[in-house]
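Summary of structural features
Below are the chains, spelled out letter by letter.
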Amino acid sequence: MNQASFVQKFTITLTLIAGIAFGYWLFYDPVSKFNEFNPGNDNRPAEMQAAIGVVNIGAFFISLAAEPATPSSSWPRFRGSESDNISKQRVKLADSWGERGPRRLWAVDLGEGHSGPVVANGLVYVLDYDEVNRRDILRCFTLNAGAELWQRGYDIYIKRNHGMSRTVPAVQDSFVVSMGPRCQVMCAQAHTGAFIWGIDIEREFSSEVPLWYTGQCPLIDGDQVVLATGGDFLMVGIDLASGQVVWKTPNPLGWKMSHSSVMPMTLFGKRMYVYAAIGGILAVSAEAEDQGRLLFQSSEWSPTVVAPSPVALGQGKIFFTAGYGAGSALFQVNRNDADYTTTLLQTYKPDAGLCSEQQTPLFFQGHLFSILPKDAGARRNQFVCAASEHPENILWTSDKEFRFGLGPYLIADGKFFILSDEGVLTMAEATAKGFRILDRAQVLSGHDAWGPMAIVDGRLLCRDS
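Described in the following lines is the structure provided in the data block. Because the structure is predicted, anything quoted here is derived from the model rather than measured.

Turning next to the pairing of strand 26 (residues 409-412). Residues Y409 and I411 line one face of strand 26 and the alternating positions L410 and A412 line the opposite face, and both faces are buried. Inspection of the sheet shows strand 26 paired to strand 27 (residues 415-419) by four bridges, in the antiparallel sense. Residue pairing across strands places L410 opposite F417, the latter belonging to strand 27. Hairpin connection of strand 26 to strand 27: two residues between the antiparallel strands, including D413 at a positive phi of 50 degrees.

Following this line, the structure appears as structure tokens:
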């Protein structure tokens, strides 16, 4: 056989083999032997199967002490009474702490998570997760001594996911409301812990639990609790006393729940609830005559992960920000009679303007203050100041010597209190003129101290993971 004939036969044989292989690949069904998934038929542990079924919200209760609470001022919800993370109390705080740092009054152990506390009528409330008993629990302590009075909760299986519980409850008069990692909302009597009602948002409204569990903190407004559900509705209002849904905002675009929280705002004399969903930004009327009506909705800025909440800047401007490369956006809301529209003024990349990955920026004296995200270049994780009308203009930073990670911050007595990942508390002058540190102290020994703080009557409540 000559070489040309050999090459020809080899080519024909190779072509036939390739043809057979292609045909096999084309008609082969790689999942023909797979069983169709059915709930409860995936061999998951029994406790995990129970977790996707009906959760008996509020079924667990234990009374632990009967110590009287000493009346106090309040920090009743996420970011305080006015949702701005600025204490309005006229309480003189120390300008320095000395070598030993601020005096620790009491401490308690918490399960893994980043949920922050609220305070009302001398009582502290925090949502926790009991890993041993696999249970969400709302815990109540006295502010003056840290004595635990009661726990109210329900059994549910939660896997570690960069922490478990991470939401801040809301308290008003006789009611305290929590929202668990898998969207179970529970309302209890604020003083006694008596169960009032519970709603499973995921089951009731076809909602989707966010990527790192629920980060949304419930908003109590008047006699209702307001929640952004995603799923069947964008937002709902629930009567505090009965648990009945009072109003619902339709969700025809199918936007999903984010890790952000609903923020109450008043724009052009109109009270509204503003939210950054997975899908875009929106506002819903908070006024009695048209409560729940969608006022505006825009998908011009739509990150896939949003944790910080919207910030009102005055004159109809709202600032939005998110991590993981999303940066931030400045919107102008416009009003024409009863109609509202939005204009996207500017977007900013993480290394080109004021942004935040987890905490909601402060708006104070016409300026924005925030910890920059980890993808902000040389200024990453630094505390910075920018003019609110030009968030791209960073006026000052804490410098590379002082980086804070994803820690929380607030303002009280004209001072910034900034907590780093490692539990170091920094006190600095609250001013746009520059970053001037007054004192620093190690107040927590753990790591990932990301939970929002609260401050009442000169007492700062903070936590680590």
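Strand order in the open sheet formed by four strands is 6-7-8-9, with antiparallel pairing between adjacent strands. At either end of the open sheet lies a strand with only one pairing partner, and these are strand 6 (170-172) and strand 9 (195-200). Strand-to-strand twist across the sheet, computed as the mean angle between neighbouring axes with direction ignored, equals 15 degrees. Two elements, strand 8 (residues 184-189) and strand 9, share five bridges in a ladder whose sense is antiparallel. Residue pairing for strand 9: V185 is matched across the bridge by I199.

Using the criterion set out here, one finds 18 salt bridges in the structure. Among the salt bridges present, the one from E82 reaches K88, with a minimum N-O distance of 3.8 Å. K88 sits in the partly exposed class, given a relative accessible area of 43%. Close ionic contact of D413 with K92 constitutes a salt bridge, the shortest N to O distance being 4.0 Å. With D413 in the loop between strand 26 and strand 27 and K92 in the loop between strand 1 (60-63) and strand 2 (118-120), the pair connects residues that are 321 residues apart, well separated along the chain. Residue classification places K92 among the exposed residues on the basis of a relative accessible area of 63%. Look at the salt bridges and you will find they share partners, linking K92, D95, D413 and K415 into a network.

This part takes up the packing of aromatic side chains. All told, the structure shown has 17 aromatic pairs when counted by the stated rule. Geometrically, the ring pair formed by F402 and F435 is tilted, given 6.5 Å between the ring centres and 55 degrees between the ring planes. Placement of F402 in the loop between strand 25 (394-397) and strand 26 and of F435 in the loop between strand 28 (424-429) and strand 29 (437-442) is noted, with a sequence separation of 33 residues between them. As far as burial versus exposure is concerned, F402 and F435 are alike and both buried. Three or more aromatic residues link up through ring pairs in this structure, and these residues are F369, F383, W396, F402, Y409, F416 and F435. When the ring centre of F60 is taken as reference, the NZ or CZ atom of R135 above it lies at 3.9 Å. Between K374 and the ring centre of Y324, over which it is positioned, the NZ or CZ distance is 4.7 Å.

Residue position: D239 is located in strand 12 (residues 233-239). For D239, which is buried and forms no salt bridge, the nearest opposite charge comes from R271, at a distance of 14 Å. A distance of 3.3 Å separates a polar side-chain atom of D239 from the backbone nitrogen of A241. Once residues lying within four places of it in the same chain are set aside, the contact partners of D239 are W197, D223, Q244 and V246.

The rules behind the values
Residues numbered from 1 in each chain as written. Predicted model: local features only at pLDDT ≥ 70, side-chain atom pairs only at ≥ 80, totals over all residues. Heavy atoms only, no water. Buried < 20%, exposed > 50% of the residue type's maximum accessible area, 1.4 Å probe, protein only. Helix = DSSP H or I, 4+ residues; strand = E, 2+ residues; numbered from the N terminus. Pairing = 2+ DSSP bridges. Axes fitted to C-alpha atoms, helices over the stretch in contact; angles between N-to-C directions. Salt bridge = Lys/Arg side-chain N within 4 Å of Asp/Glu carboxyl O. Phe/Tyr/Trp six-rings, centres within 6.5 Å; stacked < 30°, edge-to-face > 60°. Lys NZ or Arg CZ within 6 Å of the ring centre and 35° of its normal. Lys, Arg positive; Asp, Glu negative; His and termini not counted. Polar contact = N/O pair within 3.5 Å; in protein donor to acceptor, adjacent residues only side chain to side chain. Contact = heavy atoms within 4.5 Å.

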